[in-house]
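The residues making up each chain are set out below.
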Amino acid sequence: MKFELSSLVRGNIKNLKPYSSARHEFTGKASVFLDANENGYGSPLPATGEEGLGARFNRYPDPLQWQLKFQLAGIKGVPAENICIGNGSDEIIDLAYRIFCDPGKDNVIICPPTYGMYAVNAEINDVEIRKVNLTAAFQLDVEGILQATDNNTKLLFVCSPNNPTGNSMNRADVQLLLNNFPGIVIIDEAYINYSKQKTFIQELTEYPNLIVIQTLSKAWGLAALRLGLCYASLDIIDLFNKVKPPYNINEASQQLALEALQNTEQVNEWIKEVVQQKEILINEFRDLSFVRTVYASDANFILIRVDDANLLYQYLASNEIVVRNRSKETGCQNCLRISIGTPAENKNLLSALKKYIP
Ligand SMILES: *Cc1c(COP(=O)(O)O)cnc(C)c1O
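Position numbers for residues start from 1 in each chain and track the written sequence from start to end. Side-chain atom pairs in this predicted model are given and counted only at pLDDT of 80 or more, local residue features only at pLDDT of at least 70, and totals for whole chains, interfaces and linings cover all residues. Values shown for side chains rest on all heavy atoms present in the structure; no hydrogens or waters enter the calculation.

Peer 1: Where do I start with helix 8 (residues 234-243) in this structure?
Peer 2: Count 3.6 residues to each turn of an α-helix, and residues three or four apart come out pointing the same way. Relative accessibility decides the category of a residue: with a 1.4 Å probe and only protein chains considered, values under 20% of the type maximum give buried, values over 50% give exposed, and everything between is partly exposed. Every helix listed is a DSSP run of H or I at least four residues long, and every strand listed is a run of E at least two residues long, numbered separately from the N terminus. Those residues of helix 8 that sit buried are I236, I237, L239, F240 and V243. Down the axis of helix 8, the smallest arc covering the buried residues is 155°, so these residues share one side. At its buried positions, helix 8 is contacted by helix 1 (11-14), strand 1 (83-86), helix 4 (89-100), strand 5 (184-188), strand 6 (210-215) and strand 7 (228-231). Arc, as used here, means the arc of the directions from the helix axis to the C-beta atoms. Any pair of residues with heavy atoms lying within 4.5 Å of one another is described as a contacting pair.

Now the structure itself:
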């Protein structure tokens, strides 16, 4: 099948002349910046650090976050030009809708039970949602997905490892879809750092219809900075850069992320620890009489099916322990999703569970 990006892009986006910011238009060497109506005196923040961090917040940030992208490129082994950074993955997902889907006309495919934002963003953008449920083993129904497509199908969302089930999708299934799905395949790898499976970010040259989303909110521990990563072909990244708000990543987030990304060792240690803690929890959960199924997890959470999820949820809440009740999700009746905490938090959880009388 021949892939033609332009046939998938909305007409108004193809013709869009993007906003050209002050920092965009001038590229030479300069020392006096009177082009952006900033406050040249500084910011009221105290100047900290050698370069006076506070003073720098009076200037607009780099719209394309090159420093941050170069650092990410080094860590991820993907050229900086193939990365777009969003205000959380949630912005990346929304941008994908706005670039590819004509409201009231186009449709997308999602595979429940999965991450809720794909459907919310479809509804916000008035885009039809076609649901092709995961199989009983929480795997992709490849045939069902392909059958659900028509000429107006633009996007397929594959979450792997999947939230809330925790498992990874079979790689062969994803490859089959990348080769045969008539639109863009978006693989959400929010939990890839915890997974035994290989990322798809090395496959961008292989698949021109591939977008991979990752985030700094989970393993990287930077949920509050709102940094989502999008990897795709240069042509797709061009579209994202055209449509995104010019200064979507603020300077504080850029600077703090640059600092945090130097600490890969700490992050890798935490990942190892979380995986160890997960194994402990899985074994302990299996011994609890009211737990029916402990699902395999490639992520930093565990999905369990219990006799009565609402009762157990309430019990844990009364012990000041909050978990996620996923009972109402497709295929998740009586299921709770439990994040892996610190050893102390996990101990707390286990002691509460052991005292629970169903
Ligand atoms: C947590 C999560 C994200 C992260 O979203 P951010 O907006 O980057 O914080 C993305 N996708 C899935 C499936 C998630 O569970």
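Peer 1: Can you help me understand the sheet that holds strand 9 (residues 301-306) in this one?
Peer 2: Think of a sheet as strands paired side by side through backbone hydrogen bonds, with each pair either parallel or antiparallel. Strand pairing is assigned whenever DSSP identifies at least 2 bridges connecting the two strands. Pairing is antiparallel in the open sheet, where 4 strands are placed in the order 8-9-11-10. Two strands bound the open sheet, and with one partner strand each, they are strand 8 (291-294) and strand 10 (324-325). Note that strand 9 and strand 11 (residues 335-339) share 5 bridges and pair antiparallel. Bridge pairing links I302 to I338 in strand 11. Helix axes are fitted to C-alpha atoms over the stretch in contact, other axes to C-alpha atoms as well, and angles between N-to-C directions run from 0 to 180 degrees. Across the sheet, helix 11 (residues 309-318) lies against strand 9, strand 10 and strand 11, angled at about 35° from strand 11, the strand it touches most.

Peer 1: For this particular structure, what's the right way to read the domain arrangement of the protein?
Peer 2: In many analyses, interface size is given as the accessible surface area lost on bringing the parts together. Segmenting the protein into domains produces domain 1 (5-21 + 60-262) and domain 2 (265-355). The gap between the C-alpha centroids of domain 1 and domain 2 is 28 Å. In this assembly, domain 1 packs against domain 2 so that about 1,600 Å² is buried in total across both faces, 61% of it on carbon and sulfur atoms. On the domain 1 side of the interface with domain 2, the three residues burying the most area are F138, P164 and Y194, jointly 37% of the side's total. Definition used for salt bridges: Asp or Glu carboxyl oxygen within 4 Å of a side-chain nitrogen of Lys or Arg. Seen at the junction of domain 1 and domain 2, the total is 1 salt bridge. Of the charged contacts in the structure, one is a salt bridge between D298 and K196, with a shortest N-O distance of 3.8 Å. N or O atoms closer than or at 3.5 Å make up a polar contact, with two conditions inside protein: a donor-capable atom paired with an acceptor-capable one, and, for residues adjacent in sequence, both atoms drawn from side chains. The interface formed by domain 1 and domain 2 includes 5 residue pairs in polar contact (both at pLDDT 80 or more). Across the side of domain 1 that touches domain 2, the residue classes tally to 9 nonpolar, 11 polar and 1 charged. Reported domain spans reflect what an automatic or database domain assignment gives. In short, buried area is how much 1.4 Å probe accessible area vanishes from two parts on joining, totalled over both. For this scheme, ten residues count as nonpolar: Ala, Val, Leu, Ile, Met, Phe, Trp, Tyr, Cys and Pro. Four count as charged, namely Asp, Glu, Lys and Arg, and the remainder, Gly too, count as polar.

Peer 1: For this particular structure, what's the right way to read helix 11?
Peer 2: For helix 11, the set of buried residues is A309, L312, Y315 and L316. One face of helix 11 carries all of its buried residues, which in axial projection span an arc of 130°. Sitting at the head of helix 11, D308 places a side-chain oxygen 3.2 Å from the backbone nitrogen of N310. With its phi angle positive at about 65°, E320 sits one or two positions after the end of helix 11.

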